[in-house]
Amino acid sequence: MRLLRSTDLALRVLMRLAVAEDAATPTTRDVAAAMEVPYTHAAKVVAELQHLGLLSARRGRGGGLALTEEGRGASVGAVVRVFEGEGDVVDCEGASPCPLHTGCRLRVALRRAQEAFYASLDPLTIRDMVAAPTGPLLLDITMR
């Protein structure tokens, strides 16, 4: 299983903001530049994180992004689920449905594996993910 770019970026943004000093409020442009992603991609991810209540964004002079307390305690599994969506690992009923889709054991096995993946991430929080040694390493990454 491979995470979508938006999922990866969402987790990295949350982790970086979790270790940001109080005075450091990077903008979406700063995040895009530091993560080397297009601004439009970063803006969509930031908007979704804001919609979820995991970060706050202030516009204008002195504005920027900040992690909310809910964001610090957010389950990594829950964040991944939101960004990855509820779909199956494989699309058995898509434009050209698999002829085995009504009785295939593989689909069930893949669904169980996907749920086990999410379940392993559920107890981890953003706060957990930035505990040492990760947090100090993240502080070394400068936002431009």
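The following paragraphs examine the structure supplied in this document. Here the structure is a predicted model, which is why all the values come from computation and not from measurement.

**So, the overall build of the chain**
Right, on to step 1. From N to C terminus, the chain includes eight helices and two strands.
Right, on to step 2. C-alpha extents for the chain along the principal axes are approximately 60 × 30 × 25 Å.
Right, on to step 3. The burial tally for the chain puts 33% of its 144 residues in the buried class.
Right, on to step 4. Pairs at least 24 apart in sequence give 72% of the contacts found in the chain among residues at least 6 apart.
Right, on to step 5. Accessible surface for the chain amounts to roughly 8900 Å². Of this, 56% is attributable to carbon and sulfur atoms.
Right, on to step 6. Charged side chains in the chain number 17 positive and 17 negative. The centres of these two groups are separated by 4 Å.

**Section: the packing of helix α1 (residues 5-18) against helix α3 (residues 39-51)**
Right, on to step 1. Where α1 meets α3, the closest approach of the two axes is 10 Å, and the angle between their N-to-C directions is 65 degrees. Considering their axes alone, α1 and α3 lie roughly perpendicular with respect to each other. Note on packing geometry: the crossing formed by α1 with α3 is right-handed. Of α3, the residues touching α1 (which contributes Arg5, Ser6, Leu9, Ala10, Val13 and Leu14) are His41, Ala42, Val45 and Leu49.

**Points about the packing of aromatic side chains**
Two numbers describe a pair of aromatic rings. These are the distance of the centres and the angle of the planes.
Right, on to step 1. For the structure on display, the rule yields one aromatic pair.
Right, on to step 2. Residues Phe117 and Tyr118 carry aromatic rings whose centres are separated by 5.7 Å and whose planes lie at 55 degrees to one another, so their mutual orientation is tilted.
Right, on to step 3. In this structure, Arg29 packs its charged tip against the face of Tyr39, placed 3.9 Å from the ring centre.

**Structural notes on the side chain of Glu84**
Right, on to step 1. Turning to its location among the elements, Glu84 is positioned in helix α5 (residues 76-84).
Right, on to step 2. Despite its burial, Glu84 remains without a salt bridge, the nearest opposite charge being carried by Arg2 at 9.4 Å.
Right, on to step 3. Only 2.6 Å separates the side chain of Glu84 from the side chain of Thr7, close enough to count as a polar contact.
Right, on to step 4. Leave out the neighbours within four places in its chain, and Glu84 touches Arg2, Leu3, Leu4, Thr7 and Tyr118.

**Focus on the pairing of strand β1 (residues 55-58)**
Right, on to step 1. Bridge count for β1 against strand β2 (residues 64-67) is four bridges, and the pairing is antiparallel. When the bridges of β2 are listed, Ser56 appears paired with Ala66.

**Notes on the pattern of salt bridges**
Right, on to step 1. With the rule as written, the count across this model stands at eight salt bridges.
Right, on to step 2. Where Asp122 meets Arg81, a salt bridge forms, and the shortest distance between an N and an O atom there is 2.5 Å. With a gap of 41 residues between them, Asp122 in the loop between α6 (105-121) and α7 (126-129) and Arg81 in helix α5 connect regions that are remote in the sequence.
Right, on to step 3. Here Arg111 makes a salt bridge to Glu115, at a shortest N to O gap of 3.5 Å.

Scoring rules and cut-offs
- Residues numbered from 1 in each chain as written.
- Predicted model: local features only at pLDDT ≥ 70, side-chain atom pairs only at ≥ 80, totals over all residues.
- Heavy atoms only, no water.
- Helix = DSSP H or I, 4+ residues; strand = E, 2+ residues; numbered from the N terminus.
- Buried < 20%, exposed > 50% of the residue type's maximum accessible area, 1.4 Å probe, protein only.
- Contact = heavy atoms within 4.5 Å.
- Areas by Shrake-Rupley, 256 points an atom, 1.4 Å probe, with all protein chains shown as cover.
- Lys, Arg positive; Asp, Glu negative; His and termini not counted.
- Charge placed at Lys NZ, Arg CZ, Asp CG, Glu CD.
- Axes fitted to C-alpha atoms, helices over the stretch in contact; angles between N-to-C directions.
- Parallel < 35°, antiparallel > 145°, perpendicular 65-115°, else oblique.
- Left-handed = near helix turned anticlockwise from the far one by under 90°.
- Phe/Tyr/Trp six-rings, centres within 6.5 Å; stacked < 30°, edge-to-face > 60°.
- Lys NZ or Arg CZ within 6 Å of the ring centre and 35° of its normal.
- Salt bridge = Lys/Arg side-chain N within 4 Å of Asp/Glu carboxyl O.
- Polar contact = N/O pair within 3.5 Å; in protein donor to acceptor, adjacent residues only side chain to side chain.
- Pairing = 2+ DSSP bridges.

Keep in mind these values describe shape, not function.
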